[in-house]
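Each chain, letter by letter, is given below.
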Amino acid sequence: MTELLPNTDAGIARAAAILKRGGLVAMPTETVYGLAGDASNDAAVAGIYAAKDRPEFNPLIVHVAEAAQVDRLVHVPPAALPLMRAFWPGPLTLVLPLREGAPVSPLVTAGLDSLAVRIPAHPVARALLRAFGGGVAAPSANPSGRISPTAAAHVMAGLGGRIDAVLNGGDCSVGVESTILGFQGETPVILREGGVTAEAIGRILGHAPARRDEGAAISAPGQMVSHYAPRGRVRLNVTDPEPGETVLGFGPMPCDLNLSVRGDLVEAAANLFRRFHDLDEMGAERIAVAPVPDHGLGAAINDRLRRAAAPRGA
Ligand code: TXA
Ligand code: MG
């Protein structure tokens with residue numbers, strides 16, 4: 001059952017309580033509705049991917065209420081400050097270097113060392129973010145491969161029954177996703193066109209911003225691999241490990257580390273990048289991964305595992 005919460009103090013308080021206990025709430029923003037979960041909670045973030053049926057772990061945008069919270073999450077280069085002043089709150093997302101120890105699940109960044117952040121302008125989103133207090137990870141609140149929702153009814157039609165609640169904030173005024181801007185050194189680069197135009201950004205910068213295809217830097221597998229694969233060599237679908245291999249298990253079995261002892265795919269997704277880190281810390285040089293079923297979140301887990309097992313050095 002998905003609750004439809006009204007845009008009232010009580011509705012916002014209820015939505016914040018659901019987020020605090022790790023639940024999922026579709027929240028209105030000025031761009032599109034976002035499927036919100038506690039960005040610091042591995043299980044909540046895994047639940048976002050599960051609800052959307054995402055076949056892979058794309059990095060997610062973290063939404064906060066105030067600019068002061070951004071400093072806890074990322075390092076802000078001087079070049080970003082005028083853009084923050086000009087466009088926040090609003091439909092601009094900045095991709096910045098992740099701060100060590102930031103309260104963000106590695107599933108949010110898909111293991112990258114950068115983080116996408118934005119302060120939405122929608123008053124209901126801001127009220128919810130203030131009531132919740134922390135960062136909220138939120139992709140557009142549509143099933144994977146479907147169009148982004150700009151009304152609560154769209155979310156109900158697409159994700160009803162799969163998430164805890166939809167907070168009704170009416171129709172989204174912008175209706176397209178946020179513009180995503182990253183930095184190459186101090187040079188701003190548009191990664192995705194969106195609600196803030198390149199011309200408007202250019203007026204703040206004093207020159208036209210550079211453009212790059214959306215996700216070019218993140219979808220290039222070589223680049224991703226270096227960030228989220230463990231250092232050791234990875235062998236997949238192993239039922240019979242060789243001596244000397246460190247075994248990453250799934251389900252009840254003898255192994256060194258387990259993605260989910262009870263064989264739960266949502267728990268396994270929540271643990272995936274942490275286990276990669278753990279394997280590095282153990283100094284594992286040869287890693288054998290047990291078979292992971294390919295349904296539900298298993299498809300995304302196997303996608304990442306295959307990338308982790310892909311030949312290196314290219
Ligand atoms: O307007 C919006 O941006 C909406 C609302 C809910 O805020 N959100 C949204 O999220 O469109 P989503 O998940 O549909 O798209 C976010 C995109 C990802 O597909 C990815 O390309 C990019 O943001 N992204 C996130 N983190 C990134 C990172 N660290 N580096 C590069 N790109 C990143
Ligand atoms: Mg989307």
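Up top is the structure these notes are about.
Conventions adopted
Residues numbered from 1 in each chain as written. Chains lettered and ligands numbered in written order. Predicted model: local features only at pLDDT ≥ 70, side-chain atom pairs only at ≥ 80, totals over all residues. Heavy atoms only, no water. Near = heavy atom within 4 Å. Polar contact = N/O pair within 3.5 Å; in protein donor to acceptor, adjacent residues only side chain to side chain. Areas by Shrake-Rupley, 256 points an atom, 1.4 Å probe, with all protein chains shown as cover. Helix = DSSP H or I, 4+ residues; strand = E, 2+ residues; numbered from the N terminus. Nonpolar A, V, L, I, M, F, W, Y, C, P; charged D, E, K, R; others polar. Phe/Tyr/Trp six-rings, centres within 6.5 Å; stacked < 30°, edge-to-face > 60°. Buried < 20%, exposed > 50% of the residue type's maximum accessible area, 1.4 Å probe, protein only. Pairing = 2+ DSSP bridges.

Novice: Tell me what's going on with the site of ligand 1, and back it up with residues and numbers.
Specialist: Near ligand 1 lie 22 residues; those nearest to it are Thr31, His63, Ser114, Ser178 and Arg192. Within the side chain of His63, one N or O atom sits 2.6 Å away from an oxygen atom of ligand 1. Within the contact set of ligand 1, an oxygen atom lies 2.5 Å away from a side-chain nitrogen or oxygen of Ser178. Relative to its unbound accessible surface of 680 Å², ligand 1 loses 94% to contact with the protein. Elements supplying a minimum of two residues to the shell around ligand 1: strand S4 (61-63) and strand S6 (114-118). Per-element tally for the shell around ligand 1: the top contributor is S6, with three residues. Class assignment of the residues belonging to the shell around ligand 1 gives a composition of 11 nonpolar, six polar and five charged.

Novice: Can you explain the packing of aromatic side chains? Please cite residues and give values.
Specialist: Counted under the stated rule, the structure contains one aromatic pair. Between Tyr49 and Phe57 the ring centres are 4.7 Å apart and the planes differ by 80°, which places this aromatic pair in the edge-to-face class. Comparing Tyr49 with Phe57, the two get one shared label, buried.

Novice: Which residues make up the pairing of S6, and what are the values?
Specialist: S6 sits mainly inside the fold: four of its five residues count as buried. Of the pairings in the sheet, the one linking S4 to S6 comprises three bridges and is parallel in character. Looking at S6, one finds that His63 is bridged to Arg118. Two strands pair when backbone bridges link them, and strand S5 (residues 92-97) and S6 are joined in this way by four bridges, in the antiparallel orientation.

Novice: Describe the sheet that holds strand S13 (residues 246-249), with residues and values.
Specialist: Taking strand neighbours across the sheet as the criterion, the four strands line up as S12-S15-S13-S14 in an open arrangement whose pairing is parallel. Edge positions in the open sheet fall to strand S12 (233-235) and strand S14 (257-258), since each of these has one partner strand only.

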